[in-house]
Amino acid sequence: MKLAAVIGWPIHHSRSPKLHTHWLKRYGIQGSYTALPIRPEDLAACLPILPKMGFTGCNLTIPHKEIVLPLLDEMDDAARAIGAVNTVTFQDGRILGTNTDVYGFYEYLRRSVPDFRADAGPIAVLGAGGASRAVLYGLAEAGAREIRVINRSKARADALIQHFQRSGLTLHAVDDAGAQEALQGTTLVANATSLGMTGQPGHTLSLDGLAPGATVYDLVYSPLDTDLLIQARARGYRTVDGLGMLLYQAKPAFARFFGTDPEVDDDLRAAVLA
């Protein structure tokens, strides 16, 4: 039996076990996918033990996506460029890392807003953690010309934009004091923080003044309909929920863990929401 897991702290909110279990049953695979609550200070001790227990790999969520990097034997080009890993596989005694968040983020955006263009105008990204790295990388690869990174700690936002400097892309680091102004005229707002998640404080930002026809994408999926998305719809903006990113980032991860390329469809979404 093949085993896989999602690791985080906390991890009780994760719907990844439902997601992968649905695919395991659909494709008749003898396997199991579970959630493991591991404190960040214990990750270095726990990760090497998993393959000895029969695990083929694991997903990583907050706060492990960056702190795992020194524990890896190898990571692919995308993970190295992003500077964060959300998918780990164990092969021949080696710990390998990749990042499927960037695929999940942009694939669902592309499917939800088919006419979206990353180069249509300035973009605001809320947060400067591991998820933000995947979002910035995906948008930069899609041709974004200006991205404003809004984070409580400007120093962390500064470090992030330094990592992603490239020709043809203008990056700005903004703290809370300048957040409202930084949203003005943006064509996309992507929330890559935990604000608005069940049990966490909500956003205090107003979405007044975004570009006409703007899109608001909230990576939070618990609750599915966040206050940020409700506010966006009330102002006539297009919205993208966080569940689709979860489903699509899981697709390449499942293939790595269990050897089958799964399908993302309405049945899967219903199963995860159940």
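Structure: above.
Residues numbered from 1 in each chain as written. Predicted model: local features only at pLDDT ≥ 70, side-chain atom pairs only at ≥ 80, totals over all residues. Heavy atoms only, no water.

Draft legend 1. Inspection of the overall build of the chain at higher detail. For the chain, the count of helices and strands is 11 helices and 12 strands. In terms of overall size, the chain behaves like a compact globule, its C-alpha atoms giving a radius of gyration of 18 Å where 274 residues would be expected to give roughly 19 Å. A sequence separation of at least 24 residues applies to 70% of the contacts in the chain between residues at least 6 apart. Here the chain contributes 26 positive and 28 negative side-chain charges, whose respective centroids are spaced 2 Å apart. (Helix = DSSP H or I, 4+ residues; strand = E, 2+ residues; numbered from the N terminus. Rg over C-alpha atoms; globule rule 2.2 N^0.38 Å. Contact = heavy atoms within 4.5 Å. Lys, Arg positive; Asp, Glu negative; His and termini not counted. Charge placed at Lys NZ, Arg CZ, Asp CG, Glu CD.)

Draft legend 2. The arrangement of the pairing of strand β8 (residues 146–150) in detail. Along β8, 4 of the 5 residues are buried, which leaves the element largely enclosed by surrounding structure. By the bridge criterion, 4 bridges tie strand β7 (residues 123–126) to β8 in an arrangement that is parallel. Note on β8: the bridge partner recorded for Ile123 is Ile147. A crossover links β7 with its parallel partner β8, the connecting element being helix α6 (residues 130–141), and its sense is right-handed. Strand direction decides the pairing type here: β8 and strand β9 (residues 170–174), joined by 5 bridges, are parallel. Bridging from a neighbouring strand, Ile150 pairs with Val174 of β9. Handedness of the β-α-β unit built from β8, helix α7 (residues 154–163) and β9 comes out right-handed. (Buried < 20%, exposed > 50% of the residue type's maximum accessible area, 1.4 Å probe, protein only. Pairing = 2+ DSSP bridges. Right-handed = clockwise from strand over helix to strand, strands pointing away.)

Draft legend 3. View of the packing of aromatic side chains. Taken as a whole, this structure holds 7 aromatic pairs when the rule is applied. Where Tyr33 meets Phe257, the ring centres are 6.5 Å apart and the plane angle is 35 degrees; that geometry is what we call tilted. In this pair, Tyr33 sits in strand β2 (residues 31–37) while Phe257 sits in helix α10 (residues 243–258), placing the two residues 224 residues apart along the sequence. Every member of this aromatic cluster is reached through a ring pair, and the members are Trp23, Tyr33, Phe254, Phe257 and Phe258. (Phe/Tyr/Trp six-rings, centres within 6.5 Å; stacked < 30°, edge-to-face > 60°.)

Draft legend 4. Focus on the sheet that holds strand β5 (residues 87–91). The strand order across the open sheet built from 6 strands is β2-β1-β3-β5-β6-β4, with neighbouring strands paired in mixed fashion. The open sheet terminates on both sides in strands that have one partner only, identified here as β2 and β4 (74–75). Here strand β1 (residues 2–8) pairs with strand β3 (residues 55–60) via 5 bridges, running parallel. Residue pairing across strands places Ala5 opposite Cys58, the latter belonging to β3. Sitting on the sheet, helix α1 (residues 16–26) is in contact with β1, β2 and β3, with an inclination near 175 degrees to β2. (Axes fitted to C-alpha atoms, helices over the stretch in contact; angles between N-to-C directions.)

Draft legend 5. Structural detail: the sheet that holds strand β10 (residues 188–191). Here 6 strands make up an open sheet; going across it, the order is β9-β8-β7-β10-β11-β12 and the pairing parallel. Each end of this open sheet is capped by a strand with a single partner; those strands are β9 and β12 (238–240). Averaged over neighbouring strand pairs, the angle between their axes works out to 15 degrees when direction is ignored. Running over the sheet, α7 touches β8 and β9 and is turned about 165 degrees from β9. Together, β10, β11 (215–218) and β12 form the strand contacts of helix α9 (residues 227–234), whose direction differs from that of β11 by roughly 170 degrees.

Draft legend 6. Representation of α7 in the model. Buried within α7 we find Ala157, Leu160 and Ile161. Within α7, the buried residues cover an arc of 95 degrees as seen down the axis, which keeps them to one side. For α7, exposure combined with an orientation more than 90 degrees from the buried face picks out Ala155 and Gln162. (Arc of directions from axis to C-beta.)

Draft legend 7. Focus on the pattern of salt bridges. Inspection of every chain in the model, using the stated rule, returns 18 salt bridges. Close ionic contact of Asp265 with Arg26 constitutes a salt bridge, the shortest N to O distance being 2.9 Å. A residue pair is termed long-range when its members are at least 10 positions apart, and Asp265 in the loop between α10 and α11 (266–273) and Arg26 in helix α1 qualify at 239 residues. A salt bridge links Asp77 to Arg80; the nearest nitrogen and oxygen atoms lie 3.2 Å apart. With Asp77 and Arg80 both in helix α4 (residues 77–82) and 3 residues apart, the pair spans about one turn of that helix. Looking at Arg80, the relative accessible area reads 44%, which means it is partly exposed. (Salt bridge = Lys/Arg side-chain N within 4 Å of Asp/Glu carboxyl O.)

Draft legend 8. The arrangement of unusual backbone geometry in detail. Here the bond from Trp9 into Pro10 is cis, since omega is 5 degrees, no more than 30 degrees from zero. For the bond running from Ser222 to Pro223, omega is 10 degrees, close enough to zero to count as cis. Tracing the chain through its elements places Pro223 in the loop between β11 and α9.

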